[in-house]
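Given next are the chains, with one letter for each unit.
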Amino acid sequence: MTRRIAKAQQAKAIEPFVARRNPFHDPLVSEHYEDPERYLRNFSWTVVRGDIRQVFEPRNIVLLGPQGTGKTMILNLIRHRVISEALGTDWARHELGAVPRFLGISINLARVAFSRFGSRPIVAPSWSGTSEGEGATVAAAGDFMMHYLFDDFLSALAQMQKERSGRLRDWLDISDEALEDRSLARDIADWECWSGWYRGCRTLPELQVKAKERLRTWHSFLNYNLQEVPDAIWHSKASVEEPLHQMGNLLGRLSAGDAACPLYVLLDQYEELPNLSATLGSSLQRLVNRLLKARDPVVFTKLGARTYDWGRELRVWGSDSRLEFERDYATIDLRSVLGRTEGNQWLFPSMAEDVARRRIANEAGTGTTDVDVKEMFGEWRAESEAALYVRATEQAVPIEKVLGRKIPEDVRSQLVQILGEGSSLLDARLAAAWVQQRLQRGEAPTRVVAHARRERPWRNQWWRKERIEIALLQIASLTNQRRYHFGWDTVLHLSGSNIGAFLYLAREIWDVAARFTTDMPPGRFDYKVQTDGILNASQKWRVRDRVDVTGGGALRYDVMNRLGPGIHDSLVEDLAISNPGHSGFSLQENDLVDGPQRERLKRFLEEAVNWAYLEERRHTPKSREGRTRLKWFIHGVLAPVYELPIKRVKEPYYARVEEVQAWVFDPKARVRLAAHSRGKKPAKKK
Amino acid sequence: MSIPWGLAQHVLRRFDPQECTLIGCVASEQRGNAAPLMIHAEGRPCEQVLVEVIDPPNAYPDYGPQTAAARLIQRRSLADAGVGYSDERFDLLSPDSNIADMLSRALGGGASRTLIIDISALPKRFFCLFVKLACVDERATNVIAIYTEAGRGGYPEGRLTDDALPFSPLPGFMGAFGEEPKMLLASVGMQAEKVEGLVDEYRNANKHIHVLLGFPSDVTMTGRAWETVRAIFRGDVSLARDAVDVVSTLDVQDVFDVIERQVVRYGRPRFAPYGPKPHTLAMCLSAMKHDAEMTYGQPRSYHPAYSTGVGPSWGYVLKWNGRPTFD
């Protein structure tokens, strides 16, 4: 008992040693940076390259990517408050030089009352001409959204009016005279689309007061503080397209430059609408879709959505038409922008490095961006990791241990001899795997040994490269240890090109390090500190799904807890490392389109990709089955907790759809990824 | 005025037994029956409306059959005691208006009456709206909330709820339009870890985060709650010192006062009710007073053995002779 108390006191004594604020806290809430200056300090411009630049071009854009890939971070740049701040710094102004000018207004559809429309029926008076039932509610939601955006538009104008020679007005080329024209507010108030609601307003602040009054009325009604919607609101109900078009036209008139100055409308949290409003979420999305369908030459919509949340509702409210890809909107998939290309180009590392450097400078308060982030995490090499599993006092024992027990004793002893003294554990494990593979194929032991002695084929570059990860995993398992995870490349691979995952990992590593030193950031994080931090992050990422408010997370959590250990066991037990790609599984694309059960499975897999629990890639099968396939891996950040390889190699496990259905929906199903041979279609059950 | 409270039997004796309506919940929890049985046993001519709340069909884990079986046992126990009641059946995620309409039906047309809201087994999204609307509805002259504690050691180990939806305001508690909350005020208890998801936003904006812990409390619950506090404040004890209040689990007035002190100090809060139900009730009253938001990630799946056994029932007078007691 005394020892326990002493231990507790010791732990308590260590705790307050947090000298600097962990700069990687708050990894997933970049959208909550209300302070544009702080947002810009931490924003990495490295990502605004190539395809991403389209976000700032005059066209409707849907930015796609799983949770945590930085969609909101990028889209935030459109907001007029942020652009205005950015124009105040030389470096940001330089970056913005390549971007066409625009004015961006925004609405967060989940935070404001928009998603609550549908929670209380709205009955429009018969004289208002508004359709009944759901129609009245959707019309009301449209009115709310429009006046909210109008209020933001007015804020931008008022801000420019207030700041003489302001940065934003210079960028937009709007003259003092144009903004100070006394008739400006009166002209806006007289737009026909308002049906007289703003009549009598003479200044921009007066217009804002009136807009807020309307928004407050809707809000009060939905909040049960008001019994009925006043007639004055119904008399002046606005459409969703016309006021925006008027705003776009006005902006064009105010701007004196030769180039067009369009209005951008940023819609945030579009994908949450079905979750937030079970009754009307889909209809609200259809209402928003009208903005994209409008093909307005002066107004362009920008929205972000998780990869598979976009496309489930493409109908347009009040019309039989649907949104058409490339005609009505274009998509940018952050997975392909940030992930590795076929040519092995990878944007993510430079983005992660820049983000880390900025965070350390700005959030930890070091003030300098000179920190060598790569050096801080250090280098990972397979041999150096393998060496960590050798405990000094037992050096001879583990070499034997990692050979595995399935190789006959005489072959084993000859193999030890071939390996020679001082051979590394990694070499030994790979050699044993090669020998076992050959024996399993039925080759004579003497022939195998001779071949091994002659050529040492496990040192063949490609054979070795594909198996190193699993060999290390097996070494850790055979020596009863957990795998060590450390190094800059490791952290990048674990992140799976997801900046949220990267920050999560960095945060936990920093927290572990800060328990032992006040000298933060250190020159180098110790490999044990990194291993502990990475494992913490992995565990938390796993549990996050169960405890977080993501919808569907409880099922995902259970499935991952079946899938992860199942894959681990399959890989670790395959001492011949015959199927190094079996850390993932593959299905034909059209396997998932037949019937409600398969639809359900498809939905599950898509949601797991959306929330960054699975990574998905398209791949071409080795065999000649001629159909494209999709393969899934458990997300990199979960690899440590389930003890899975970090790097993926070809060829995944070719699963039967019934098998995957069982893994997901049958809690008693055993997950094994070892039954079928490489690249061959599995035999169907008779 | 302060909120009069005490053992439910004692509180109810203060009110005319005539013209009385009880809204409760027939659930898998035994304590949901306590108030209906007590009122029936006392021979009060009280109209009882019991709500049955059904988890959504896509909830995971799907406890539907177990919950239905447990609910049947509770119904039998009511029938055996001869308790008469009218049934109202709702989906857990029913639109706010359905919940509001039910209250209106229960209050009937015209005659003023005493409304008893048994919050013991009612989900938050139901009882908070009932309380808000009843407090402003002239048909309810008196409004009394009843809370029955679980039996001794009545909370099982493991998870009690699952499959939560994204955070959103509870019905009727969206907060004032356009007013950013100045602080996050969370109560923590069972599955308190969910609060962590809200905290980052406030920490990031350098806004105050305040936590209420109930005492006395179940040992398991206390352990979990403190774990959450550690997580919220990242183990930084100095931050937690001014930001954690250990308050009575049952004394709604006391909790209300603690909240008021924080509101005076930091400004309009955003409430995250993850603690014991009397805390939620106090937050609900304060949210009504300040037009503040109550935010919650609604779980879609409730464990059938959410609580076991029956402890004492407590009554809280929220409105007396047409006048709210908390303000």
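Residues numbered from 1 in each chain as written. Chains lettered and ligands numbered in written order. Predicted model: local features only at pLDDT ≥ 70, side-chain atom pairs only at ≥ 80, totals over all residues.

Observations concerning the overall build of chain A
Summing up its helical and strand segments, chain A has 30 helices and 9 strands in all. For the C-alpha atoms alone, the extent of chain A along its principal axes is close to 100 × 65 × 60 Å. For chain A, restricting intrachain contacts to residue pairs at least 6 apart in sequence, the fraction spanning at least 24 positions comes to 76%. (Helix = DSSP H or I, 4+ residues; strand = E, 2+ residues; numbered from the N terminus. Contact = placed C-beta atoms within 7 Å.)

Structural notes on the overall build of chain B
The helix and strand inventory of chain B stands at 10 helices and 16 strands. For chain B, the C-alpha radius of gyration of 19 Å lies close to 20 Å, the compact-globule estimate for 327 residues. Judged by the C-alpha coordinates and their principal axes, chain B covers about 55 × 45 × 35 Å. Split into buried and exposed, the 327 residues of chain B put 51% on the buried side. Within chain B, counting contacts between residues at least 6 apart in sequence, those at least 24 apart form 84% of the total. (Rg over C-alpha atoms; globule rule 2.2 N^0.38 Å. Buried ≥ 20, exposed ≤ 12 C-beta atoms within 10 Å, placed from the backbone.)

Things to note about the environment of L78 of chain B
All names here are of chain B. Its place among the elements puts L78 in helix α3 (residues 64-81). Owing to 19 C-beta atoms within 10 Å, L78 belongs among the partly exposed residues under this scheme. Residues L78 and V229, spaced 151 residues apart in sequence, show a C-alpha to C-alpha distance of 40 Å. Sequence-distant contacts of L78, defined by excluding residues within four places in its chain, comprise N33, P36, V83 and Y85.

Describing the nonpolar core
For soluble globular proteins, the rule of thumb is that nonpolar side chains tend to be buried together. Ranked by internal contacts, the top residues of the largest apolar core, which has 284 residues, are L505 of chain A together with I117 and L318 of chain B. Sort the elements by how many residues they give to this core and helix α6 (residues 134-162) of chain A lands first, with 16 residues. Filtering out sequence-adjacent residues up to four positions away, L505 of chain A remains in contact with V491, L494, S495, I534, A537 and V637 of chain A. (Core = buried A, V, L, I, M, F, W, Y, C linked by C-beta atoms within 7 Å.)

Considerations on the domain arrangement of chain A
Residues and elements named next belong to chain A. The domain architecture assigned to chain A consists of domain 1 (50-346), domain 2 (382-478) and domain 3 (488-665). Once you take the C-alpha centre of each, domain 2 and domain 3 turn out to be 28 Å apart. Contacts between the two partners involve 15 residues from domain 2, matched on the other side by 12 residues from domain 3. Within the residue set of the side of domain 2 that touches domain 3, elements represented by two or more residues are α21 (425-440) and α23 (461-478). With 8 residues, the single largest contributor to the side of domain 2 that touches domain 3 is α23. The class makeup of the residues in the side of domain 2 that touches domain 3 is 5 nonpolar, 6 polar and 4 charged. (Domains from an automatic or database assignment. Nonpolar A, V, L, I, M, F, W, Y, C, P; charged D, E, K, R; others polar.)

Here we look at the domain arrangement of chain B
Residue and element names in this part refer to chain B. Here chain B is partitioned into domain 1 (5-155 + 305-324) and domain 2 (166-297). On a C-alpha basis, the centres of domain 1 and domain 2 stand 24 Å from each other. Facing the 17 residues of domain 1 at the interface are 21 residues of domain 2. Residue contributions to the side of domain 1 that touches domain 2 peak at 7 residues, all from helix α5 (residues 124-136). Here the side of domain 1 that touches domain 2 is built from residues that sort into 13 nonpolar, no polar and 4 charged.

Some points on the sheet that holds strand β9 (residues 653-654) of chain A
Residue and element names in this part refer to chain A. Strand order in the open sheet formed by 4 strands is β7-β8-β6-β9, and the pairing between neighbours is mixed. Every interior strand has two partners, whereas the edge strands, β7 (614-619) and β9, have only one. For strand β6 (residues 584-588) and β9, the ladder comprises 2 bridges, and the chain directions are parallel. When the bridges of β9 are listed, S586 appears paired with Y654. (Pairing = 2+ DSSP bridges.)

Quick word on the confidence of the model for chain B
Per-residue confidence for chain B averages 90 on the pLDDT scale, and 95% of its residues sit at or above 70. With a pTM of 0.89, the predicted complex shows an ipTM of 0.92. (pLDDT = per-residue confidence, 0-100.)

Focus on the environment of T279 of chain A
If you trace the backbone, T279 of chain A turns up in the loop between α13 (273-276) and α14 (281-293). Taking the C-alpha atoms as reference, T279 of chain A lies 9.3 Å from F117 of chain A; in sequence the two are 162 residues apart. Ignoring any residue separated from it by four or fewer positions in sequence, one finds T279 of chain A in contact with G118 of chain A together with P95 of chain B.

Focus on the sheet that holds strand β3 (residues 263-268) of chain A
Residues and elements named next belong to chain A. Read across the sheet, 5 strands follow the order β2-β3-β4-β1-β5 without closing on themselves; strand pairing throughout is parallel. Either end of the sheet is taken by a strand with one partner, and the two such strands are β2 (103-108) and β5 (330-333). Neighbour-to-neighbour, the strand axes of the sheet open up by a mean angle of 20°, direction not taken into account. Its contacts with the sheet put α6 on β2 and β3, and the angle it makes with β2 is roughly 140°. Its contacts with the sheet place helix α12 (residues 242-254) against β2, β3 and β4 (299-305), and it is angled at close to 140° to β3. (Axes fitted to C-alpha atoms, helices over the stretch in contact; angles between N-to-C directions.)

Concerning unusual backbone geometry
The omega torsion of the bond from K650 of chain A to E651 of chain A falls at 5°, within 30 degrees of zero and hence cis. Topologically, E651 of chain A is positioned in the loop between α29 (639-642) and β9. P61 of chain B follows Y60 of chain B through a cis peptide bond whose omega is -5°. Note that P61 of chain B resides in the loop between β3 (46-54) and α3. We note that N321 of chain B has phi near 50°; this positive angle belongs to a residue other than glycine.

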